[in-house]
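# Descriptive analysis of the structure
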Amino acid sequence: MLNTIQDRQSRTRRPSRAVRTTGSLVAALGLAALLSGCQRSDQTLFLGDMASGYNREVFFMSLWAIALSVIIFVGVSAALFYTVQKFREDKNPNAPQQFHGNNRLETLLVAVPVVIVILLSVLTVRSMARLNPVPAGTPKIDILGKQFWWNFAYPATTADAGGVVTNGNEMVMPAGRLVTLNVTSGDVVHGFWAPNIGGQRAAIPSVVRTWNVDTDRPGVYQGNCSQLCGASHANMRYKVIALSQERYDAFLAAAKAYRAPAPAAGSAEERGYNLFVNGKPETGALACAACHRVQGTPAAGAAGPDLSFFGTRRTLGAGMWEGDKARDMLEPWIKNSPEVKPGSLMPTYDGSEYTVSGKKQKGGVLTDDEIGDIAAYLRSLRLPDDADYWRDTPVIKNISAPGGQQ
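I will try to describe carefully the structure that is included in this document. (Residues numbered from 1 in each chain as written. Predicted model: local features only at pLDDT ≥ 70, side-chain atom pairs only at ≥ 80, totals over all residues. Heavy atoms only, no water.)

A word on the sheet that holds strand 10 (residues 237-243). The strand order across the open sheet formed by five strands is 4-10-9-6-7, and the pairing between neighbours is mixed. The sheet terminates laterally at strand 4 (170-174) and strand 7 (201-203), the two strands that pair on one side only. In this sheet, neighbouring strand axes are inclined to one another by 30 degrees on average, regardless of whether the strands run parallel or antiparallel. Here helix 5 (residues 245-257) sits on the sheet in contact with strand 4 and strand 10, set at roughly 130 degrees to strand 4. (Pairing = 2+ DSSP bridges. Helix = DSSP H or I, 4+ residues; strand = E, 2+ residues; numbered from the N terminus. Axes fitted to C-alpha atoms, helices over the stretch in contact; angles between N-to-C directions. Contact = heavy atoms within 4.5 Å.)

Next up, the structure:
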């Protein structure tokens, strides 16, 4: 029975539902603020970016769900208001009659939700049928997630120096057409999500998830791991660089032909190259080439990101630092990456301990000058200027409205 004296009295002894709901909402907003604090990039992750066909389809499907939700809310609110007013206790001292046995009303109460669910199911299946098929001839990018970085491979492009063209933590794709992504993981479950270009997928060990993304607007977009995956989950970021088809083709052609330049004799780059490839056994400093690949050199490691075009990148530490800050942090990163990025599996070069497979290992030792030489070598690994995918590519920071510009 609605609005009884007992109910009115009980409300004086416990918080109202409105108060409890408001408290829950405040707590949820506070949690959202804390989680957003993990994202230090100044770029906006916006799932309502209408430059993506994927987002447009999901948005228009969502309009139906929102419209039906509004209709249900208004209908239920009106029925509730009518019932409460008509059967007020001060006007109706007797208990209200029950509608059990009213077949017409009960049929209506069952039929309306069934129709709504069927309508939403049909719309969802229609959108899935439009989004899930992988058209023939689309560019393909293979994505590997590991603690705590991303590797992007272009399976249709084999480098002249051998092996498939790959790039670490910066995914280059063409704008204005569908791109097929195949994502998996090399250790734990990660989540690949760049909201501006389309939906997310879980990166699961031994499982390859395939779907399409796209954007009509060339630019640089932010991506993040969306699945809690360890100590540096919040630091597992990447950039998506969408280029015109002409510039994308130029990037792939340059990446295919790329060979690391031979350092000048006696230069810091040459000293850095020797340390990169050979390490320094007398001090226990491991060779970087054991974990990293550089096209055109003996370095063919696969445990860490491909560093073939490292000098062209503008991010470091899977997007922890960008631009000038990335350049400034390169030497501290080489020296002791677990110190600046929790959970990093890179060995240390200042003699401190680091963890591999749960076991403590003693790091090797390189002098600051030697670390500077390795940094100089890495910065020399650049694509030609006409294939620099960052050059003149706008960084999309703020989108004021669906499909809006920077």
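This is not the end of the story, as more comes after the structure.
Another point: the sheet that holds strand 8 (residues 209-213). Spatial strand order, 3-2-1-5-8: five strands in an open sheet with mixed pairing. Two strands in the sheet have a free side with no partner beyond their single neighbour: strand 3 (164-168) and strand 8. The mean inter-strand angle of the sheet, taken between neighbouring strand axes irrespective of direction, is 25 degrees. Direction of pairing for strand 1 (residues 140-146) relative to strand 2 (residues 149-158): antiparallel, over a ladder of five bridges. Paired with Leu144 across the bridge in strand 2 is Asn151. Against the sheet, helix 5 touches strand 2 and strand 3, its axis set at about 85 degrees to strand 2.

Our next topic: the packing of aromatic side chains. Within the structure shown, the criterion is met by 14 aromatic pairs. Taking 6.4 Å as the distance between ring centres and 80 degrees as the angle between the ring planes, the aromatic pair formed by Phe251 and Phe309 counts as edge-to-face. A residue pair is termed long-range when its members are at least 10 positions apart, and Phe251 in helix 5 and Phe309 in the loop between helix 6 (268-278) and strand 11 (315-316) qualify at 58 residues. Taking relative accessible area as the criterion, Phe309 reaches 0% and is therefore assigned buried. (Phe/Tyr/Trp six-rings, centres within 6.5 Å; stacked < 30°, edge-to-face > 60°. Buried < 20%, exposed > 50% of the residue type's maximum accessible area, 1.4 Å probe, protein only.)

A word on the environment of Asn274. Structurally, Asn274 can be placed in helix 6. In the structure, Asn274 is positioned 103 residues away from Tyr377 in sequence and 9.5 Å away in space, judged by C-alpha atoms.

Quick look at the environment of Ala300 now. Within the element layout of this structure, Ala300 appears in the loop between helix 6 and strand 11. Residue class for Ala300 comes out exposed when judged on its relative accessible area of 59%. Counting along the chain gives ten residues from Ala300 to Ala290, while the straight-line C-alpha distance between them is 7.2 Å. Contact partners of Ala300, with chain neighbours within four places excluded, come to Ala289, His292 and Arg293.

Before going further, it helps to examine helix 3 (residues 53-86). Relative to the 50 Å expected for 34 residues at 1.5 Å per residue, helix 3 spans 50 Å between its end C-alpha atoms, a close match to the ideal helical length. Taken as a whole, helix 3 has its buried residues at Tyr54, Asn55, Glu57, Met61 and Leu68. Against the buried residues of helix 3 lie helix 4 (103-131), strand 7 and strand 8. Measuring from the side-chain oxygen of the N-cap residue of helix 3 to the backbone nitrogen of Tyr54 gives 3.3 Å; that N-cap residue is Ser52. (Expected span 1.5 Å × (residues − 1). Polar contact = N/O pair within 3.5 Å; in protein donor to acceptor, adjacent residues only side chain to side chain.)

Let us now look at the pattern of salt bridges. On inspection of all chains with the given rule, the structure shows eleven salt bridges. Asp216 is the partner of Arg56 in a salt bridge, and the nearest nitrogen-oxygen pair spans 3.2 Å. Here Arg56, found in helix 3, pairs with Asp216, found in the loop between strand 8 and strand 9 (219-225); they are 160 residues apart in sequence, far enough to count as distant. Exposure remark for Arg56: the relative accessible area of 28% places this residue in the partly exposed category. You can call Asp216 partly exposed: its relative accessible area is 45%. (Salt bridge = Lys/Arg side-chain N within 4 Å of Asp/Glu carboxyl O.)

What follows covers the packing of helix 6 against helix 9 (residues 368-379). Contact geometry for helix 6 and helix 9: axes closest at 7 Å, N-to-C directions at 100 degrees. With respect to helix 9, the element helix 6 is oriented roughly perpendicular. Of the residues in helix 9, those in contact with Ala268, Glu269, Arg271, Gly272, Tyr273, Leu275 and Phe276 of helix 6 are Glu370, Asp373, Ile374, Ala376, Tyr377 and Leu378. Residue classes in the contact of helix 6 with helix 9 are distributed as eight nonpolar, one polar and four charged. (Parallel < 35°, antiparallel > 145°, perpendicular 65-115°, else oblique. Nonpolar A, V, L, I, M, F, W, Y, C, P; charged D, E, K, R; others polar.)

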